[in-house]
Amino acid sequence: MIDFVDIKTLVICYGLCCCTQLVAFLLLYRVSRSGLGIRWWVFGSVMMVFGFGINLFRDVELVSSIAIYIYGASFLLSFLFIYIGITEFVENKMLLRPVLAVAGCTLAVLCYFVFVDGSIFLRRTLLSLSCAIISLASAVTVGSGNCKHVLPARFLKYVFLFNMFWLFALVIIPWWGGAQVSVFQRPAPAAATYFLLMTTSTFWTIGLIMLVSQKLSDQLRSSKQFLESTLNGLSANIALINAEGNIVLVNHAWRNFASGNGISHEIVSEGANYLNVCEGVCAENAHEAQSFSQGMRDVLDGKLDSFVMEYGCHSPERKRWFQGRVNPFLGDGPRMVVVAHEDITERK
(Lines give C-alpha, C1' and ligand atoms only; values in the text may rest on other atoms or scores of the structure.)
Protein backbone atom coordinates (compact mmCIF):
# COMPACT_ATOMS: atom_id res chain seq x y z
CA MET A 1 0.00 0.00 0.00
CA ILE A 2 1.34 3.42 -0.98
CA ASP A 3 -1.01 5.82 0.72
CA PHE A 4 1.63 8.51 0.95
CA VAL A 5 1.83 8.94 -2.84
CA ASP A 6 0.13 12.13 -3.98
CA ILE A 7 -0.76 11.60 -7.64
CA LYS A 8 -1.72 15.23 -8.19
CA THR A 9 1.70 16.32 -6.99
CA LEU A 10 3.35 13.83 -9.35
CA VAL A 11 1.23 15.09 -12.24
CA ILE A 12 2.28 18.67 -11.50
CA CYS A 13 5.92 17.59 -11.28
CA TYR A 14 5.58 15.81 -14.61
CA GLY A 15 4.12 18.96 -16.16
CA LEU A 16 7.00 21.04 -14.81
CA CYS A 17 9.42 18.44 -16.14
CA CYS A 18 7.84 18.76 -19.59
CA CYS A 19 8.14 22.55 -19.46
CA THR A 20 11.78 22.32 -18.38
CA GLN A 21 12.51 19.93 -21.24
CA LEU A 22 10.88 22.35 -23.69
CA VAL A 23 12.96 25.27 -22.40
CA ALA A 24 16.15 23.17 -22.66
CA PHE A 25 15.46 22.23 -26.30
CA LEU A 26 14.46 25.80 -27.19
CA LEU A 27 17.77 27.08 -25.81
CA LEU A 28 19.56 24.33 -27.72
CA TYR A 29 17.74 25.32 -30.91
CA ARG A 30 18.66 28.96 -30.35
CA VAL A 31 22.34 28.00 -30.12
CA SER A 32 22.23 25.75 -33.18
CA ARG A 33 19.31 26.60 -35.45
CA SER A 34 20.78 24.57 -38.29
CA GLY A 35 21.37 21.52 -36.10
CA LEU A 36 19.79 18.39 -37.53
CA GLY A 37 16.93 17.00 -35.47
CA ILE A 38 16.76 19.72 -32.84
CA ARG A 39 13.56 21.27 -34.18
CA TRP A 40 11.86 17.87 -33.94
CA TRP A 41 12.91 17.60 -30.29
CA VAL A 42 11.35 21.01 -29.73
CA PHE A 43 8.12 19.79 -31.39
CA GLY A 44 8.17 16.69 -29.19
CA SER A 45 8.50 18.80 -26.05
CA VAL A 46 5.72 21.10 -27.26
CA MET A 47 3.46 18.07 -27.67
CA MET A 48 4.25 16.94 -24.12
CA VAL A 49 3.40 20.36 -22.68
CA PHE A 50 0.31 20.66 -24.89
CA GLY A 51 -0.92 17.21 -23.86
CA PHE A 52 -0.39 18.02 -20.20
CA GLY A 53 -2.47 21.19 -20.58
CA ILE A 54 -5.26 19.40 -22.45
CA ASN A 55 -5.35 16.65 -19.82
CA LEU A 56 -6.59 19.21 -17.31
CA PHE A 57 -9.96 19.21 -19.16
CA ARG A 58 -10.53 15.44 -19.09
CA ASP A 59 -13.00 15.78 -16.20
CA VAL A 60 -15.13 18.30 -18.12
CA GLU A 61 -17.99 16.12 -19.35
CA LEU A 62 -18.63 18.10 -22.53
CA VAL A 63 -15.08 17.69 -23.88
CA SER A 64 -13.88 14.71 -21.83
CA SER A 65 -13.46 12.26 -24.72
CA ILE A 66 -11.79 14.82 -26.95
CA ALA A 67 -9.38 15.81 -24.16
CA ILE A 68 -8.51 12.16 -23.47
CA TYR A 69 -7.84 11.47 -27.15
CA ILE A 70 -5.71 14.59 -27.63
CA TYR A 71 -3.76 13.77 -24.48
CA GLY A 72 -3.05 10.23 -25.66
CA ALA A 73 -2.19 11.39 -29.18
CA SER A 74 0.14 14.12 -27.93
CA PHE A 75 1.88 11.61 -25.66
CA LEU A 76 2.49 9.30 -28.62
CA LEU A 77 3.52 12.13 -30.94
CA SER A 78 6.04 13.43 -28.42
CA PHE A 79 7.81 10.05 -28.55
CA LEU A 80 7.52 10.02 -32.34
CA PHE A 81 8.98 13.52 -32.81
CA ILE A 82 11.88 12.77 -30.48
CA TYR A 83 12.57 9.67 -32.57
CA ILE A 84 12.37 11.57 -35.88
CA GLY A 85 14.84 14.11 -34.51
CA ILE A 86 17.22 11.30 -33.61
CA THR A 87 17.00 9.81 -37.11
CA GLU A 88 17.98 13.18 -38.58
CA PHE A 89 20.74 13.81 -36.08
CA VAL A 90 22.48 10.44 -36.48
CA GLU A 91 21.52 10.20 -40.19
CA ASN A 92 19.90 6.80 -39.88
CA LYS A 93 16.31 6.58 -41.18
CA MET A 94 16.24 2.83 -41.69
CA LEU A 95 13.33 2.30 -39.26
CA LEU A 96 11.50 5.57 -39.91
CA ARG A 97 8.76 4.19 -42.19
CA PRO A 98 7.84 1.26 -39.91
CA VAL A 99 7.71 3.60 -36.91
CA LEU A 100 5.51 6.06 -38.79
CA ALA A 101 3.21 3.17 -39.72
CA VAL A 102 3.00 2.06 -36.08
CA ALA A 103 2.20 5.63 -34.97
CA GLY A 104 -0.47 6.07 -37.65
CA CYS A 105 -2.19 2.78 -36.80
CA THR A 106 -2.04 3.59 -33.10
CA LEU A 107 -3.74 6.96 -33.59
CA ALA A 108 -6.51 5.30 -35.61
CA VAL A 109 -7.11 2.50 -33.07
CA LEU A 110 -6.87 4.96 -30.19
CA CYS A 111 -9.73 6.92 -31.75
CA TYR A 112 -11.85 3.75 -31.61
CA PHE A 113 -10.94 2.96 -27.99
CA VAL A 114 -11.72 6.50 -26.85
CA PHE A 115 -14.89 7.36 -28.77
CA VAL A 116 -16.45 3.92 -29.36
CA ASP A 117 -15.18 1.19 -27.06
CA GLY A 118 -14.29 3.37 -24.07
CA SER A 119 -11.87 0.79 -22.62
CA ILE A 120 -9.28 2.50 -20.43
CA PHE A 121 -7.34 -0.75 -20.10
CA LEU A 122 -6.99 -1.29 -23.86
CA ARG A 123 -6.23 2.38 -24.46
CA ARG A 124 -3.36 2.38 -21.98
CA THR A 125 -2.09 -0.95 -23.29
CA LEU A 126 -2.08 0.39 -26.85
CA LEU A 127 -0.19 3.58 -25.96
CA SER A 128 2.33 1.75 -23.79
CA LEU A 129 3.04 -0.80 -26.51
CA SER A 130 3.42 1.82 -29.24
CA CYS A 131 5.72 4.00 -27.14
CA ALA A 132 7.75 0.91 -26.21
CA ILE A 133 8.21 0.14 -29.92
CA ILE A 134 9.28 3.73 -30.65
CA SER A 135 11.71 3.63 -27.69
CA LEU A 136 13.21 0.41 -29.04
CA ALA A 137 13.55 1.98 -32.48
CA SER A 138 15.23 5.01 -30.88
CA ALA A 139 17.73 2.78 -29.08
CA VAL A 140 18.53 0.84 -32.27
CA THR A 141 18.80 4.02 -34.35
CA VAL A 142 21.10 5.91 -32.01
CA GLY A 143 23.20 2.79 -31.50
CA SER A 144 23.74 2.09 -35.20
CA GLY A 145 23.63 5.60 -36.65
CA ASN A 146 26.38 7.87 -37.91
CA CYS A 147 27.43 9.17 -34.49
CA LYS A 148 31.09 9.80 -33.68
CA HIS A 149 30.46 10.37 -29.98
CA VAL A 150 30.34 6.92 -28.42
CA LEU A 151 29.72 7.82 -24.78
CA PRO A 152 26.55 9.97 -25.14
CA ALA A 153 25.24 7.67 -27.88
CA ARG A 154 25.66 4.64 -25.62
CA PHE A 155 24.06 6.51 -22.72
CA LEU A 156 21.04 7.38 -24.88
CA LYS A 157 20.80 3.83 -26.16
CA TYR A 158 20.51 2.43 -22.62
CA VAL A 159 18.05 5.15 -21.57
CA PHE A 160 15.72 4.28 -24.46
CA LEU A 161 16.13 0.56 -23.79
CA PHE A 162 15.16 1.09 -20.17
CA ASN A 163 12.22 3.18 -21.34
CA MET A 164 11.18 0.35 -23.66
CA PHE A 165 11.40 -2.26 -20.88
CA TRP A 166 9.21 -0.46 -18.36
CA LEU A 167 6.64 0.53 -20.98
CA PHE A 168 6.53 -3.04 -22.21
CA ALA A 169 6.10 -4.17 -18.59
CA LEU A 170 2.99 -1.98 -18.37
CA VAL A 171 1.65 -3.94 -21.34
CA ILE A 172 2.54 -7.45 -20.18
CA ILE A 173 1.87 -7.44 -16.43
CA PRO A 174 -1.89 -6.62 -16.53
CA TRP A 175 -2.51 -9.35 -19.13
CA TRP A 176 -1.35 -12.02 -16.68
CA GLY A 177 -4.60 -11.71 -14.84
CA GLY A 178 -6.72 -9.77 -17.31
CA ALA A 179 -7.86 -6.19 -17.20
CA GLN A 180 -8.84 -6.40 -13.53
CA VAL A 181 -5.49 -7.76 -12.31
CA SER A 182 -4.28 -6.24 -9.05
CA VAL A 183 -0.50 -6.61 -9.32
CA PHE A 184 -0.06 -3.28 -7.51
CA GLN A 185 -2.42 -1.59 -5.13
CA ARG A 186 -3.53 1.81 -6.24
CA PRO A 187 -2.15 4.38 -6.73
CA ALA A 188 1.15 2.55 -7.34
CA PRO A 189 0.81 2.01 -11.14
CA ALA A 190 0.05 5.67 -11.85
CA ALA A 191 2.75 6.83 -9.43
CA ALA A 192 5.33 4.55 -11.02
CA THR A 193 4.31 5.67 -14.51
CA TYR A 194 4.69 9.38 -13.79
CA PHE A 195 7.92 8.84 -11.88
CA LEU A 196 9.45 6.80 -14.70
CA LEU A 197 8.25 9.29 -17.31
CA MET A 198 9.96 12.13 -15.46
CA THR A 199 13.14 10.11 -14.98
CA THR A 200 13.56 8.78 -18.51
CA SER A 201 12.55 12.02 -20.25
CA THR A 202 15.06 13.92 -18.10
CA PHE A 203 17.81 11.43 -18.92
CA TRP A 204 17.16 11.40 -22.66
CA THR A 205 17.08 15.22 -22.65
CA ILE A 206 20.50 15.22 -20.98
CA GLY A 207 21.78 12.65 -23.47
CA LEU A 208 20.53 14.59 -26.49
CA ILE A 209 22.06 17.82 -25.16
CA MET A 210 25.36 15.97 -24.67
CA LEU A 211 25.24 14.77 -28.29
CA VAL A 212 24.58 18.25 -29.66
CA SER A 213 27.19 19.86 -27.40
CA GLN A 214 29.91 17.49 -28.54
CA LYS A 215 28.92 17.95 -32.17
CA LEU A 216 29.07 21.74 -31.77
CA SER A 217 32.49 21.39 -30.14
CA ASP A 218 33.67 19.36 -33.13
CA GLN A 219 32.29 21.93 -35.54
CA LEU A 220 33.96 24.75 -33.61
CA ARG A 221 37.26 22.86 -33.62
CA SER A 222 36.98 22.23 -37.36
CA SER A 223 36.11 25.88 -38.01
CA LYS A 224 39.09 27.01 -35.99
CA GLN A 225 41.40 24.64 -37.87
CA PHE A 226 40.02 25.89 -41.18
CA LEU A 227 40.49 29.51 -40.09
CA GLU A 228 44.03 28.81 -38.90
CA SER A 229 45.00 27.09 -42.15
CA THR A 230 43.53 29.96 -44.17
CA LEU A 231 45.34 32.64 -42.16
CA ASN A 232 48.60 30.70 -42.25
CA GLY A 233 48.50 30.84 -46.03
CA LEU A 234 48.59 34.66 -46.02
CA SER A 235 51.80 36.69 -45.98
CA ALA A 236 50.44 39.52 -43.80
CA ASN A 237 50.80 39.36 -40.01
CA ILE A 238 47.26 38.62 -38.84
CA ALA A 239 45.62 38.30 -35.43
CA LEU A 240 42.05 37.84 -34.27
CA ILE A 241 41.21 40.13 -31.34
CA ASN A 242 38.15 39.82 -29.09
CA ALA A 243 36.05 42.59 -27.53
CA GLU A 244 38.36 42.87 -24.50
CA GLY A 245 41.42 43.26 -26.71
CA ASN A 246 42.74 39.76 -26.04
CA ILE A 247 44.42 37.86 -28.86
CA VAL A 248 42.35 34.82 -29.83
CA LEU A 249 44.34 33.55 -32.81
CA VAL A 250 47.46 34.51 -34.79
CA ASN A 251 48.94 33.15 -38.01
CA HIS A 252 52.44 31.86 -38.77
CA ALA A 253 53.53 35.18 -40.30
CA TRP A 254 52.65 36.97 -37.05
CA ARG A 255 54.66 34.47 -34.96
CA ASN A 256 57.61 34.57 -37.37
CA PHE A 257 57.71 38.38 -37.28
CA ALA A 258 57.74 38.35 -33.48
CA SER A 259 60.55 35.76 -33.41
CA GLY A 260 62.60 37.58 -36.04
CA ASN A 261 62.41 40.87 -34.16
CA GLY A 262 63.14 39.63 -30.67
CA ILE A 263 59.60 40.11 -29.42
CA SER A 264 58.49 37.76 -26.65
CA HIS A 265 55.71 35.43 -27.76
CA GLU A 266 54.04 35.86 -24.38
CA ILE A 267 53.05 39.45 -25.11
CA VAL A 268 51.89 39.05 -28.73
CA SER A 269 50.35 35.55 -28.83
CA GLU A 270 47.04 33.97 -27.80
CA GLY A 271 45.87 35.23 -24.41
CA ALA A 272 47.83 38.47 -24.43
CA ASN A 273 45.95 41.78 -24.48
CA TYR A 274 47.00 43.50 -27.69
CA LEU A 275 45.39 46.80 -26.74
CA ASN A 276 47.55 46.97 -23.63
CA VAL A 277 50.62 46.00 -25.65
CA CYS A 278 50.05 48.87 -28.09
CA GLU A 279 49.27 51.38 -25.36
CA GLY A 280 52.35 50.34 -23.40
CA VAL A 281 54.85 50.99 -26.19
CA CYS A 282 57.49 53.48 -25.01
CA ALA A 283 59.74 53.58 -28.09
CA GLU A 284 59.93 56.32 -30.68
CA ASN A 285 56.83 55.00 -32.46
CA ALA A 286 54.71 55.06 -29.30
CA HIS A 287 52.39 57.68 -30.81
CA GLU A 288 51.59 55.46 -33.80
CA ALA A 289 51.02 52.46 -31.53
CA GLN A 290 48.57 54.37 -29.36
CA SER A 291 46.76 55.72 -32.43
CA PHE A 292 46.45 52.18 -33.76
CA SER A 293 45.14 51.02 -30.37
CA GLN A 294 42.47 53.73 -30.45
CA GLY A 295 41.50 52.69 -33.97
CA MET A 296 41.04 49.09 -32.77
CA ARG A 297 38.85 50.31 -29.90
CA ASP A 298 36.70 52.34 -32.28
CA VAL A 299 36.11 49.34 -34.56
CA LEU A 300 35.42 47.07 -31.57
CA ASP A 301 32.92 49.62 -30.21
CA GLY A 302 31.23 49.96 -33.59
CA LYS A 303 32.23 53.62 -34.00
CA LEU A 304 34.17 52.82 -37.18
CA ASP A 305 33.48 50.23 -39.88
CA SER A 306 37.23 49.75 -40.35
CA PHE A 307 40.51 51.43 -39.57
CA VAL A 308 43.67 51.78 -41.67
CA MET A 309 46.95 53.52 -40.92
CA GLU A 310 50.53 53.47 -42.18
CA TYR A 311 53.45 53.62 -39.79
CA GLY A 312 57.17 53.10 -39.60
CA CYS A 313 58.68 50.20 -37.73
CA HIS A 314 62.39 50.44 -38.47
CA SER A 315 65.01 47.87 -37.61
CA PRO A 316 68.72 48.61 -37.05
CA GLU A 317 69.48 47.27 -40.53
CA ARG A 318 66.84 49.09 -42.62
CA LYS A 319 63.88 51.35 -42.77
CA ARG A 320 60.54 49.51 -42.82
CA TRP A 321 57.00 50.69 -43.36
CA PHE A 322 53.81 48.84 -42.59
CA GLN A 323 50.12 49.26 -43.21
CA GLY A 324 47.88 48.24 -40.31
CA ARG A 325 44.26 47.29 -40.97
CA VAL A 326 41.45 46.62 -38.50
CA ASN A 327 38.24 45.05 -39.81
CA PRO A 328 35.31 43.50 -37.94
CA PHE A 329 35.22 39.71 -37.86
CA LEU A 330 31.91 38.66 -39.42
CA GLY A 331 30.41 35.91 -37.31
CA ASP A 332 27.97 35.11 -34.54
CA GLY A 333 28.77 35.82 -30.93
CA PRO A 334 30.67 38.69 -29.27
CA ARG A 335 32.21 41.31 -31.53
CA MET A 336 35.78 40.65 -32.66
CA VAL A 337 38.18 42.27 -35.11
CA VAL A 338 40.83 41.04 -37.53
CA VAL A 339 44.11 42.94 -37.26
CA ALA A 340 46.52 42.71 -40.21
CA HIS A 341 49.97 44.28 -40.53
CA GLU A 342 51.43 44.22 -44.06
CA ASP A 343 54.94 45.24 -45.09
CA ILE A 344 54.66 48.08 -47.66
CA THR A 345 58.33 49.10 -47.64
CA GLU A 346 58.68 48.45 -51.38
CA ARG A 347 55.90 50.93 -52.11
CA LYS A 348 57.71 53.59 -50.13
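Conventions and cut-offs
Residues numbered from 1 in each chain as written. Predicted model: local features only at pLDDT ≥ 70, side-chain atom pairs only at ≥ 80, totals over all residues. Heavy atoms only, no water. Helix = DSSP H or I, 4+ residues; strand = E, 2+ residues; numbered from the N terminus. Contact = heavy atoms within 4.5 Å. Disulfide = S-S within 2.5 Å. Buried < 20%, exposed > 50% of the residue type's maximum accessible area, 1.4 Å probe, protein only. Patch = residues over 30% accessible without salt bridge, like charges linked within 9 Å, V, L, I, M, F, W, Y side chains within 5 Å. Areas by Shrake-Rupley, 256 points an atom, 1.4 Å probe, with all protein chains shown as cover. Salt bridge = Lys/Arg side-chain N within 4 Å of Asp/Glu carboxyl O. Core = buried A, V, L, I, M, F, W, Y, C linked by side-chain atoms within 4.5 Å.

## Re the overall build of the chain
Of the regular secondary structure elements, the chain holds 11 helices and five strands. Considering only contacts in the chain between residues 6 or more positions apart, those separated by 24 or more positions represent 59%.

## A short note on the state of the cysteines
Counting across every chain of the model gives zero disulfides. Between Cys17, a free cysteine, and Cys18, which holds the nearest cysteine sulfur, the sulfur-to-sulfur gap is 5.8 Å. On the basis of relative accessible area, Cys17 is assigned to the buried category, the value being 14%.

## Focus: a nonpolar patch on the surface
Judged by side-chain polarity, Leu56, Phe57, Val60, Leu62, Val63, Ile66, Tyr112, Phe115 and Val116 come together as a nonpolar surface patch covering roughly 910 Å² of accessible area. It is helix H4 (residues 96-117) that contributes the most residues to the nonpolar patch, three residues altogether. Judged by its relative accessible area of 42%, Phe115 is partly exposed.

## Re the nonpolar core
With 61 residues, the main nonpolar core has Trp41, Phe79, Ile82, Ile86, Trp204 and Leu208 as its most contacted residues. When contributions to this core are tallied by element, the ones reaching two or more residues are helix H1 (7-31), helix H2 (38-55), helix H3 (64-90), H4, helix H5 (120-144), helix H6 (150-177) and helix H7 (188-232). If sequence neighbours within four positions are ignored, Trp41 has contacts with Phe25, Leu28, Phe81, Ile82, Gly85, Ile86, Phe89, Leu208 and Val212. Among the nonpolar cores identified, the runner-up in size contains 24 residues, and Ile241, Leu300, Phe307 and Val326 belong to it.

## Some details on the environment of Gly207
If you trace the backbone, Gly207 turns up in helix H7. Residue classification places Gly207 among the buried residues on the basis of a relative accessible area of 0%. Expressed as a C-alpha distance, the spacing of Gly207 and Phe155, which sit 52 residues apart in the sequence, is 6.6 Å. What Gly207 contacts, discounting residues up to four positions off in sequence, is Pro152, Phe155 and Leu156.

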